[in-house]
Amino acid sequence: MMKWNQIRYMFIAIIMFTLVMPTYSFAEEAQGETGVVYDETEVVQEVIHLINEHSIYESDLNRMIDAAIDGISYYGTDDPYISYYSPSEEVGVVGTKAYYSGNYTDAGFDFSYNDEGEIFVSYIYEQSVANGKLQVGDTIKKINDIDVTSEEVAVGEISVFSMIYDNVEGELVTVVVEREGKEVEVELIISSYYVPTVMGLMADSQTAYIKLHEFNDKTGTEFKEVLSNLQKQGMKSLILDLRDNSGGYVDQMQEVAKNLMKDKVIMYEVDNKGNMEAVKLDGGTDAEFPITVLTNYNTASASEILAAALQDHEIATIVGEQTYGKAAIQNGYDLSNGGVLYLTTHKYLTPDKHDIDNYGITPDIAASSEADQIIAALQHAGVSKVEVEFTSYLETKINGIPSYYTSHYVEQDNTFYVPSSLLLTLLSAEVEWLDEKNNLLKYVINDTVLSFSYDNGEVMYDEGDFETYIAVDAIAKKIDGFEWKKDKNFFTIQYEAK
């Protein structure tokens, strides 16, 4: 058993982490309900001493210290974002340095389902062990000798997700796939790989799309490189996707902002005493191209700072959903036990001094579903031809931009249908009304009314997903510029506004 003096020394060394934060300190004394004055830290030491001296159960000092810090953090402050990570928890958890590293350890590919319910490889990470061994479109038959088409997989008793993603470095994962009618066995020795935080592509000959997943210590450099490459490809307009970006390092957000604005106020910081200070970009470049920013409810923290600055300075149009509303900044403090304590030390205001905490940023153009948001952004950016490629029930690509869209096309009696809600956005149409007497659904497109009939199979309603579907043949006959095609794994619709 550890001697009491050692326990006392270790506990005080941990609990006095406030020495690194001069704006906060523990009270030396407090008064209990009985009126007796006592030393706060002495009481905690007393509890540890009693447990070690008298409890019949095993105890662990490090666990007690972790619990004490958790208690102080959770119950002793109104900070909704405060978090403590013990030394064993630091790697791989939200809020730690390791989390925003972009490093992953798994099989290195994503999977999805085709129309027959088969699992196929939908994406391969460039720096992973799967690159060069698997191919997008490979139909997966077995993983580690487990038949992924089995009933156990279908009902969820065996998780394909776990087999692909829950791996440790050095582990062997064997994947059997069907490729061009032949079975191919691939051995993957799991190793860590890096996933860039910035992804870019050309959505058409002049419109670029950049996805910012998070802000890690490489994001500023990555963004500059991706943007430069797209400009070389003829970029005249930019769609910046900040959806599901929960934030990260504020300094890296500022490095991204420097590619879009110069010497502008990015935000105002307010500390715990109410002091307000303008945070201004040091240099940068004003964008000479229009910018459309995509947001959703999961756009938070550093990504909200960027979106709000672009909106307030009238540099960008925001398309999508109201953002999360986290106008608070955390700083991490390394503790002497190897853990990390994250505290909210500042709040921020937008360049126009709006407080968006717990409210978020209101988009200029509202769009709800992922697919609707992308289509609306493309159309606002001036893209005339929009192609929607349904790759599976989990993923849709719109002009090459990935979107996880819940609805899908439907095949019934050799007729293909697509969701009416998607068509409304794609065709910039409105539903005028349902002619119940004649069983017609009416669309208004550029002041032209088009009717689609339930009776002749042009329209169907799926009670399972509460969605109305329109036959693509009927659309193609009535709307110029609409086309569709079907192959094994993909179903595509395309509309070019005239």
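Here is a short report on the structure shown in this document. All residue numbers refer to positions counted from 1 along the written sequence of the respective chain. Totals for whole chains, interfaces and linings use every residue, but because this is a predicted model, local features are given only for residues with pLDDT of at least 70 and side-chain atom pairs only at 80 or more, for both listing and counting. Only hydrogens and water are set aside when side-chain values are computed; all heavy atoms of the structure are taken into account.

## Re the sheet that holds strand 32 (residues 482–486)
Within the open sheet, the five strands sit side by side as 24-23-22-33-32. Their pairing is antiparallel. Every other strand in the sheet has two partners, leaving strand 24 (401–403) and strand 32 as the edge strands with one partner each. Direction aside, the axes of adjacent strands within the sheet are offset by 20 degrees on average. Here strand 22 (residues 385–390) runs beside strand 23 (residues 396–398); their pairing, made up of three bridges, is antiparallel. Its bridge partner lying in strand 23, Val388 is registered against Ile398. Any two strands with at least two DSSP bridges between them are considered paired. Secondary structure is summarised from DSSP: a helix means a run of H or I of at least four residues, a strand means a run of E of at least two, and numbering begins at the N terminus for each. Axis definition: a line fitted to C-alpha atoms, limited for helices to the stretch in contact. Angles are taken between N-to-C directions and run from 0 to 180 degrees.

## Here's the deal with the environment of Ile143
Among the structural elements, Ile143 can be located in strand 7 (residues 139–143). For Ile143, a relative accessible area of 0% gives the class buried. Sequence spacing of Ile143 and Val176 is 33 residues, and the spatial spacing of their C-alpha atoms is 6.4 Å. The criterion used for residue contact is that any of the two residues' heavy atoms lie within 4.5 Å. If sequence neighbours within four positions are ignored, Ile143 has contacts with Val148, Val160, Met163, Ile164, Val173 and Thr174. Relative accessibility under 20% of the residue-type maximum defines a buried residue, over 50% an exposed one, and the middle range a partly exposed one, all with a 1.4 Å probe and only protein chains included.

## Topic: the pairing of strand 13 (residues 207–212)
In terms of burial, strand 13 is a largely internal element, six of the six residues being buried. Burial along strand 13 is two-sided: Thr207, Tyr209 and Lys211 and Ala208, Ile210 and Leu212, pointing in opposite directions, are all buried. Here strand 12 (residues 198–202) folds back onto strand 13, and the loop between the two strands holds four residues. With five bridges joining them, strand 13 and strand 14 (residues 237–241) adopt parallel strand pairing. Counterpart to Ala208 in the pairing with strand 14 is Leu238. In this fold, strand 13 hands off to helix 6 (residues 219–232), which returns the chain to strand 14; that crossover is right-handed. Seen with its strands pointing away from the viewer, a crossover is right-handed when the path leading from the first strand over the helix to the second is clockwise.

## Some words on unusual backbone geometry
If you check the backbone angles, Asp244 has positive phi at about 60 degrees while not being a glycine. Note on placement: Asp244 falls in the loop between strand 14 and helix 7 (250–257). You can call Asp244 partly exposed: its relative accessible area is 40%. Positioned with a positive phi, Ser428 is a non-glycine residue whose angle comes to about 50 degrees. Here Ser428 lies in the loop between helix 10 (420–426) and strand 27 (430–435).

## Brief notes about the pairing of strand 17 (residues 291–295)
Of all five residues that make up strand 17, five are buried, and the element is covered over most of its length. Across the two faces of strand 17 the burial is the same, with Ile291, Val293 and Thr295 and Thr292 and Leu294 all buried. For strand 14 and strand 17, the ladder comprises four bridges, and the chain directions are parallel. In the sheet register, Ile239 faces strand 17, and the bridge partner there is Thr292. Sheet topology note: the strand 17/strand 18 (residues 316–320) ladder contains five bridges and is parallel. Among the inter-strand pairings, Ile291 is bridged to a residue of strand 18, identified as Ala316.

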